[in-house]
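In case you want the letters, here they are:
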Amino acid sequence: MRIRVRLLEAVDRHPDGATLVALARETSLGLPTVRRLAEILEVEGYLQCQDGGWLLGGTFALLGQHNREQLVKARLNRKLAELRDELGAAVYFSRYHEGELSVEVVSAADYAPAVQEWVDFRATAHASAIGKCLLSQLDADGRRDHLSRHPVARLTSRTVTDADQLMHRLERQPATVPVLDIQEYALGTVCAAVPITAGSTVGCLATSMPADNVHKLKAAAELLAARAAPLMLAMAV
């Protein structure tokens, strides 16, 4: 299954069609393997060949939920890894779902370590860039409900612990301006987050880096904002 997903991903990156040679090169699979899989997927309707180029077939839209989720997750992981390498910093995809913050994907590496979750992220939305970005997308009642279940608490000397002040900041947060965390969640770490809008999804894309690199945070936030929309398109199946 994983090999099939890799081939479908490669084909999807070429809306005008891709040759078997190009697909073999991109997937690091042997040409005979790619040809065999393509022929099988063509019979099943997931791929089609037009003028020597391979495209996604009509049956692809009818993939079952399990396979769809697997493909979306694979795409998301790949896109976040590319963004992590471009930034040289850890990258996060998070959602606010059923009243709770959920960090769903973290792309980190030795040279781009993730922030240490020393206090549960779900309980510290008031202090993190991810949490504040998600809360800013809720209405006032949704924010009050969250804070009633997860009251503000001091995590560092920079944490905002006045709930009214926090509510005011969240209400005035422009949708187009990245949300920052300058050592509010953890000393020695700075973060930025931008909202991701797709239907009813309340989500965000974020990055974290050592406080010594705070001078790089603005440019990182701008890159996150530029990548947010393409990321959602890449997740669409």
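### Observations concerning the overall build of the protein
The number of helices and strands found in the protein is eight helices and seven strands. C-alpha extents for the protein along the principal axes are approximately 65 × 35 × 30 Å. Per-residue burial over the protein gives 45% buried out of 237 residues. Long-range pairs, those at least 24 residues apart, make up 58% of the contacts in the protein with a sequence separation of at least 6. When the accessible surface of the protein is totalled, it reaches about 12,200 Å², and 52% of it is carbon and sulfur. The protein carries 26 positive and 28 negative side-chain charges, and their two centres are separated by 3 Å.

### Describing the pattern of salt bridges
In total, this model carries eleven salt bridges according to the counting rule given. One salt bridge connects Arg122 with Asp120, and the closest N-O pair in it is separated by 2.8 Å. A salt bridge links Arg149 to Asp145, with the shortest nitrogen-to-oxygen separation between them at 3.0 Å. Of this pair, Arg149 and Asp145 both sit in helix α6 (residues 140-149), separated by four residues, roughly a single helical turn.

### Some words on helix α3 (residues 31-44)
Relative to the 20 Å expected for 14 residues at 1.5 Å per residue, α3 spans 20 Å between its end C-alpha atoms, a close match to the ideal helical length. All of the buried residues along α3 are Val34, Leu37, Ala38 and Leu41. Here the buried residues of α3 occupy an arc of 105 degrees about the axis, which is enough to place them on one side. Residues Pro32 and Val43 are exposed on α3 and point more than 90 degrees away from its buried face. Residue Gly45 follows α3 closely and has a positive phi angle near 90 degrees.

### Description of the pairing of strand β2 (residues 53-56)
Where strand β1 (residues 47-50) lies against β2, four bridges are found, and the strand directions are antiparallel. In the sheet register, Cys49 faces β2, and the bridge partner there is Trp54. Here β1 folds back onto β2 in antiparallel fashion, the turn holding two residues, of which Asp51 has a positive phi close to 55 degrees.

### Some details on the environment of Gln137
With respect to the helices, strands and loops of the structure, Gln137 is situated in the loop between α5 (129-136) and α6. Judged by its relative accessible area of 28%, Gln137 is partly exposed. When the C-alpha positions of Gln137 and Gln173 are compared, they lie 9.1 Å apart, and in sequence the two are 36 residues distant. Excluding residues within four positions of it along the chain, Gln137 makes contact with Pro195, Ile196, Val202 and Gly203. A polar side-chain atom of Gln137 sits 2.9 Å from the main-chain carbonyl oxygen of Gly203.

### Notes on the side chain of His150
Along the polypeptide, His150 turns up in the loop between α6 and α7 (163-171). The exposure class assigned to His150 is buried, which follows from its relative accessible area of 15%. At 3.0 Å, the side chain of His150 and the side chain of Glu100 are in polar contact.

### Thoughts on unusual backbone geometry
The phi torsion at Ser28 lies on the positive side, around 60 degrees, for a residue other than glycine. Mapped onto the elements of the fold, Ser28 is located in the loop between α2 (20-27) and α3. By relative accessible area, Ser28 is classed as exposed at 64%.

### Remarks on the side chain of Gln183
Tracing the sequence through the fold places Gln183 in the loop between β5 (179-182) and β6 (189-198). Owing to a relative accessible area of 17%, Gln183 belongs among the buried residues under this scheme. Setting aside chain neighbours within four positions, we find Gln183 in contact with Thr156, Arg158, Gly188, Thr189, Val190 and Ala211.

### Thoughts on empty space enclosed by the protein
Considering all chains together, one arrives at one cavity of 30 Å³ or more under this definition. In this model, the largest cavity occupies a volume close to 140 Å³. Lining the largest cavity we find 16 residues, and of these Val115, Phe121, Ser128, Ile130 and Cys191 sit closest to its centre. Listing elements by their share of the lining of the largest cavity, those giving two or more residues are β4 (100-107), α5, β6 and β7 (201-210).

### Some thoughts on the confidence of the model for the protein
Mean pLDDT for the protein: 88, with 90% of residues reaching 70 or above. Across the protein, element-level confidence peaks in α5 with a mean pLDDT of 97 and bottoms out in helix α4 (residues 65-87) with 79.

Reading the values: the criteria
- Residues numbered from 1 in each chain as written.
- Predicted model: local features only at pLDDT ≥ 70, side-chain atom pairs only at ≥ 80, totals over all residues.
- Heavy atoms only, no water.
- Helix = DSSP H or I, 4+ residues; strand = E, 2+ residues; numbered from the N terminus.
- Buried < 20%, exposed > 50% of the residue type's maximum accessible area, 1.4 Å probe, protein only.
- Contact = heavy atoms within 4.5 Å.
- Areas by Shrake-Rupley, 256 points an atom, 1.4 Å probe, with all protein chains shown as cover.
- Lys, Arg positive; Asp, Glu negative; His and termini not counted.
- Charge placed at Lys NZ, Arg CZ, Asp CG, Glu CD.
- Salt bridge = Lys/Arg side-chain N within 4 Å of Asp/Glu carboxyl O.
- Expected span 1.5 Å × (residues − 1).
- Arc of directions from axis to C-beta.
- Pairing = 2+ DSSP bridges.
- Polar contact = N/O pair within 3.5 Å; in protein donor to acceptor, adjacent residues only side chain to side chain.
- 1 Å grid on protein atoms, 1.4 Å probe; cavity = no way out; pocket = protein on both sides within 12 Å on 5 of 7 lines; lining within 4 Å.
- Points joined across faces, edges and corners; volume = space filled by probe spheres on them.
- pLDDT = per-residue confidence, 0-100.

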